[in-house]
Amino acid sequence: MTKSELIAALSARQPQLQPRDVELAVKELLEQMSAALAAGDRIEVRGFGSFSLHYRPPRVGRNPKTGEAVQVPDKFVPHFKPGKELRERVNNGSE
Amino acid sequence: MALTKADLAEGLFNELGLNKREAKEFVEMFFENVRTALAEGQQVKLSGFGNFGLREKNPRPGRNPKTGEEIPITARTVVTFRASHKLKERVEENARLHAEQLKSKVQANA
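Residues numbered from 1 in each chain as written. Chains lettered and ligands numbered in written order. Predicted model: local features only at pLDDT ≥ 70, side-chain atom pairs only at ≥ 80, totals over all residues. Heavy atoms only, no water.

Asker: I tried to follow the sheet that holds strand E2 (residues 49-56) of chain A on my own but got confused; where do I start?
Answerer: In sheet architecture, strand pairing relies on hydrogen bonds along the backbone and comes in two forms, parallel and antiparallel. As summarised here, the arrangement of the 3 strands in space is E1-E2-E5 (chain A), forming an open sheet in which the pairing is antiparallel. Among the strands making up the open sheet, the edge pair consists of strand E1 (43-45) and strand E5 (75-82) of chain A. For this sheet, the mean inter-axis angle between neighbouring strands, taken without regard to orientation, is 25°. Pairing of E2 of chain A with E5 of chain A, which is carried by 8 bridges, proceeds in the antiparallel orientation. Bridge pairing links serine 50 of chain A to lysine 81 of chain A in E5 of chain A. Contacts between helix H3 (residues 85-97) of chain B and the sheet are confined to E2 and E5 of chain A, with E5 of chain A contributing the most and set at about 130° to the helix. (Pairing = 2+ DSSP bridges. Helix = DSSP H or I, 4+ residues; strand = E, 2+ residues; numbered from the N terminus. Axes fitted to C-alpha atoms, helices over the stretch in contact; angles between N-to-C directions. Contact = heavy atoms within 4.5 Å.)

Asker: Honestly, the interface of chain B and chain A in this entry has me stumped. Any pointers?
Answerer: Contacts between chain B and chain A engage 56 residues on the former and 50 residues on the latter. Interface area for chain B against chain A, summed over the two sides, is near 5,200 Å², with a carbon-plus-sulfur share of 67%. If you sort the residues of chain B by the area they bury against chain A, Leu3, Phe26 and Arg35 of chain B come out on top, with a joint share of 13%. There are 4 salt bridges connecting chain B and chain A. (Buried area = accessible area lost by both parts, 1.4 Å probe. Salt bridge = Lys/Arg side-chain N within 4 Å of Asp/Glu carboxyl O.)

Asker: What is the right way to look at the confidence of the model for chain B in this model?
Answerer: Caution is warranted with low-pLDDT regions, since their predicted coordinates should not be read in detail. Across chain B, the average pLDDT comes to 94, with 100% of residues at or above 70. Here helix H4 (residues 99-109) of chain B stands out as the least confident element of chain B, with mean pLDDT 85; strand E1 (residues 44-46) of chain B is the most confident, with 98. (pLDDT = per-residue confidence, 0-100.)

Asker: Just to check I follow, could you spell out the packing of helix H1 (residues 3-13) of chain A against helix H2 (residues 20-39) of chain B for this structure?
Answerer: If you want to describe how two helices pack, look at the angle between their axes and the distance between the axes. Where H1 of chain A contacts H2 of chain B, the axes come no closer than 10 Å and their chain directions differ by 130°. Relative to H2 of chain B, the element H1 of chain A lies oblique. Taken as a pair, H1 of chain A and H2 of chain B cross one another with a handedness that is right-handed. Contacts between H1 of chain A and H2 of chain B involve Leu6, Ala9, Leu10 and Arg13 of chain A from the first element and Phe26, Met29, Phe30, Glu32, Asn33 and Val34 of chain B from the second. Here the residues of the contact of H1 of chain A with H2 of chain B are counted per class, giving 7 nonpolar, 1 polar and 2 charged. (Parallel < 35°, antiparallel > 145°, perpendicular 65-115°, else oblique. Left-handed = near helix turned anticlockwise from the far one by under 90°. Nonpolar A, V, L, I, M, F, W, Y, C, P; charged D, E, K, R; others polar.)

So this is what it looks like as structure tokens:
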């Protein structure tokens, strides 16, 4: 399912909203979530899951072609942990 | 402070003028539709944010870390998330600008 398919599905279930408003609302939700994560805040949605940043310390990597050592700087990566309801539902109701 | 469904609904109310009930319902339905798609075995691709995928895990032997007792871990399907390039860029950009601030926040959240 893509973003536009999600927008279409939500529009069908929310006939009181114009498809254009549904599109704006979906974009607004994703924008809020992106901004929170970029600022280092957690996102917690009960039954769905939580998003947070994980810190990756600096390390010495290697150029796989030349074997040369390169310093890889530290970084932050987005991480998602599925919530209980989501885990159970994708696993056909069992854990 | 973590961003919650209440905050997301508040954002729809403030930015788009949905009434509070509509906003709350919309947030609920948004996550429900993503969950349903995943439960049906569909990948969910939200461009600019990230992709939710599914992965089949084989059964493997496990143990209770407290008691050391062996318990088999059954085969299962798990949800994975890959942040989009755009989202990763935004995170990295903020990390460049506010490295120390971000580090202490992320460590406090861990």
